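The lines below spell out each chain.
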Amino acid sequence: MGSPSSRLHCMIKRFSRKPHYLLKYENQMVFQFSTDTFSDPIPVVCTRRSNGTIDAGCSIRKPISLWPGMYHSPVTNALWEARSSIFENAPIVETDLISKTPCKSRTIVLYKFSSDYVLREQYRNPWNEIRIGKLLEDLDALAGTISFKHCSSYDGTTRPLILVTASVDKMLLKKPIRIDTDLTIEGAVTWVGRSSMEIQLEVMQSSPEASSTSESLALTANFTFVARDSKTGKSALINQISPETEKEKLLWEEAEERNKMRKIKRGEQKKEIQGEEVNRLNELLAESRIFCDMPALADRDSILIKDTCLQNSLICQPQQRNIHGRIFGGFLMRRAFELAYTTAYAFAGSAPCFVEVDHVDFLKPVDVGNFLRLKSCVLYTELENSSKPLINVEVVAHVMRPELRSSEVSNSFYFTFTVQQDSLKNGTRVRNVVPGTEEEARRVIERMEAEKS
């Protein structure tokens, strides 16, 4: 379909029997579709609105061969299609940089779980809870769409840029997310550097007991995207940002501080473990020596890290690509989460509850056709609070190229889970995890230090 504008009436054919859905972009356009029959093409009227919402219950309107990643989730499909509607047929020219306000990129996604049974089924896990992995995938797709909107010009032209996920800050689940209650994700660009930008997303879900907006907040996510020149692959300048309201200025200051902290951490060299940390290293290894030398006398409430490991492998398929032809970050986050969840489940003996995902850096791009291996383990547990024991799971993604006999780490993910109260009452016990090698002990200490910082 053609590039939308406020004066354009577009047409799109129906490809499936799906419910009515609505796409909106604040200060830009509204797309309204109804795909309940196979009749004539549907007019798409582009108008202007002061507020925008993307209905997550949208349908797939193009053959799967024409659209990247369409088999994932309905909201990812809607976001990529909306993104393509803006940029796919827009003229690509070298335009002057402009300054935009955060509201120009603000986008809202609405999940009508309370009334849309089909949508609810796509996000429901076997325990009738929401699939966090699919939600992480949607968050990355939404952040990507917001970054594209910020980098466009007011006249609809785009610059030859490639926008990729560079990192994701720690995400802490503030309250459980219900699968039978409507959910909203809202986000906008909050900070811009020379070639990078931060997008803040908020996951909101109201409940009868929530009396304020802050009580409806379930999760906050900060994504950092970087721009590359599509021809040279080098860093490319992007539109600047002009915060207007006091809240927007505060968010900019907070993001600026986070960006400074990232630079400091990148500049720090790995220090040698010494002093008190040597004692910690020896304490961690003391129990493992019992496992190795006198296994019959080992603590029955402890287990070696290597005995908690799981892994899976896959060939990255074309359907998992983003609009730049590479495997998009949300897919990797979802696969990593699902392996971490399985690892915690096998370790605890009962279905775990997600608590948080730590900061993620996307170190290496993953291409279509790459051999991806995900390896997981329970790195350590925190048992001080017996009513809420914590299980810390590490997932490392390796990109392997058998033809070149090479293997590189693409990402390291760190997820924290706990177990349900009912399981604890029924006798579920979370075991202590013991490193078996010095390398494992160092990884445990590094993660504990990272958690403290």
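Residues numbered from 1 in each chain as written. Predicted model: local features only at pLDDT ≥ 70, side-chain atom pairs only at ≥ 80, totals over all residues. Heavy atoms only, no water.

(A) Layout of the overall build of the protein. Along the backbone of the protein there are nine helices and 21 strands. Counting all 453 residues of the protein, 51% fall into the buried class. If you take every contact in the protein between residues at least 6 apart in sequence, the share linking residues at least 24 apart comes to 74%. Here the protein displays about 21700 Å² of accessible surface, and carbon together with sulfur accounts for 51% of that area. (Helix = DSSP H or I, 4+ residues; strand = E, 2+ residues; numbered from the N terminus. Buried < 20%, exposed > 50% of the residue type's maximum accessible area, 1.4 Å probe, protein only. Contact = heavy atoms within 4.5 Å. Areas by Shrake-Rupley, 256 points an atom, 1.4 Å probe, with all protein chains shown as cover.)

(B) Structural context of helix α9 (residues 438-452). Across its 15 residues, α9 extends 21 Å between first and last C-alpha, which sits within 8% of the 21 Å expected from 1.5 Å per residue. Among the residues of α9, Glu 440, Ala 441, Val 444, Ile 445 and Arg 447 are the ones counted as buried. Down the axis of α9, the sector holding all buried residues measures 165°, keeping them to one side. (Expected span 1.5 Å × (residues − 1). Arc of directions from axis to C-beta.)

(C) Structural context of the sheet that holds strand β19 (residues 390-401). Taken in spatial order, the six strands of this open sheet run β9-β16-β20-β19-β18-β15, and their pairing is antiparallel. Single-partner strands in this sheet number two, and they are β9 (171-172) and β15 (310-315). Across five bridges, the pairing between strand β16 (residues 352-357) and strand β20 (residues 406-419) is antiparallel. Looking across to β20, one finds that Val 357 is bridged to Phe 415. Sitting on the sheet, α9 is in contact with β16, β18 (371-382), β19 and β20, with an inclination near 75° to β18. (Pairing = 2+ DSSP bridges. Axes fitted to C-alpha atoms, helices over the stretch in contact; angles between N-to-C directions.)

(D) Structural context of the packing of helix α3 (residues 132-151) against helix α7 (residues 329-348). Two elements in contact, α3 and α7, have axes whose closest approach is 8 Å; the angle formed by their N-to-C orientations is 165°. Between α3 and α7, the crossing angle belongs to the class labelled roughly antiparallel. As for how α3 packs across α7, the hand of that crossing is right-handed. On α7, the residues that touch Ile 132, Gly 133, Lys 134, Leu 136, Glu 137 and Asp 140 of α3 are Gly 329, Gly 330, Phe 331, Met 333, Arg 334 and Phe 337. Split into classes, the residues belonging to the contact of α3 with α7 amount to five nonpolar, three polar and four charged. (Parallel < 35°, antiparallel > 145°, perpendicular 65-115°, else oblique. Left-handed = near helix turned anticlockwise from the far one by under 90°. Nonpolar A, V, L, I, M, F, W, Y, C, P; charged D, E, K, R; others polar.)

(E) Quick look at the pairing of strand β8 (residues 161-168). Note: β8 against strand β12 (residues 217-229), seven bridges, orientation antiparallel. Residue pairing across strands places Ser 167 opposite Thr 224, the latter belonging to β12. Sheet analysis places β8 next to strand β17 (residues 360-361), joined by two bridges and oriented antiparallel. In the strand pairing of β17, Ser 167 is matched with Asp 361.

(F) Examining unusual backbone geometry more closely. At Asn 128, a position not held by glycine, the phi torsion is positive, near 60°. Following the sequence through the fold, Asn 128 ends up in the loop between α2 (117-123) and α3. You can call Asn 128 partly exposed: its relative accessible area is 48%. Non-glycine residue Arg 405 carries a positive phi angle of around 55°. Inspection of the secondary structure puts Arg 405 in the loop between β19 and β20.

(G) A look at the pairing of strand β10 (residues 183-192). Here β10 lies mainly inside the structure; eight of its 10 residues are buried. With eight bridges connecting them, β10 and strand β11 (residues 196-204) associate as antiparallel partners. Within β11, the position partnered with Val 192 by the bridge is Met 197. The hairpin turn running from β10 into β11, its antiparallel successor, is three residues long.

(H) Structural context of the nonpolar core. Grouped together as the largest cluster of nonpolar side chains are 83 residues, with contacts concentrated most on Tyr 111, Leu 139, Leu 201 and Phe 415. Of all the elements, α7 adds the most residues to this core, at 11 residues. (Core = buried A, V, L, I, M, F, W, Y, C linked by side-chain atoms within 4.5 Å.)

(I) Local environment of α3. When the terminal C-alpha atoms of α3 are compared, their 29 Å separation across 20 residues agrees well with the 28 Å that a helix rising 1.5 Å per residue should span. Judged by how many residues are buried, α3 sits mostly within the fold: 20 of 20 residues are covered.

(J) Molecular detail of the environment of Ser 216. The residue Ser 216 is located in helix α4 (residues 213-216) in this model. Counting along the chain gives 33 residues from Ser 216 to Leu 183, while the straight-line C-alpha distance between them is 9.8 Å.

(K) A look at the confidence of the model for the protein. Of the residues in the protein, 75% reach a pLDDT of 70 or more, and the chain-wide mean stands at 79. Contacts for the low-pLDDT stretch residues 1-50, under 50 throughout, to residues beyond four places or in other chains number 143 contacts. Here residues 59-71 is a poorly scored stretch, pLDDT under 50, and it has 46 contacts once near neighbours within four places are set aside; other chains count. (pLDDT = per-residue confidence, 0-100.)

(L) Seen up close, the pattern of salt bridges. In this structure the tally under the stated criterion is 23 salt bridges. Here Glu 137 ties to Arg 334 by a salt bridge, and the two come within 3.2 Å at their closest N and O atoms. With Glu 137 in helix α3 and Arg 334 in helix α7, this pair connects stretches of sequence that are 197 residues apart. Here the two residues Glu 137 and Arg 334 agree in accessibility, since each one is buried. Put simply, Glu 198 and Arg 258 hold a salt bridge, and the shortest N to O gap is 2.4 Å. With Glu 198 in strand β11 and Arg 258 in helix α5 (residues 246-267), this pair connects stretches of sequence that are 60 residues apart. Here Glu 198 falls in the buried class, since its relative accessible area comes to 0%. Via salt bridges that share partners, Lys 170, Glu 356, Asp 358, Arg 447 and Glu 451 belong to a single interconnected network. (Salt bridge = Lys/Arg side-chain N within 4 Å of Asp/Glu carboxyl O.)

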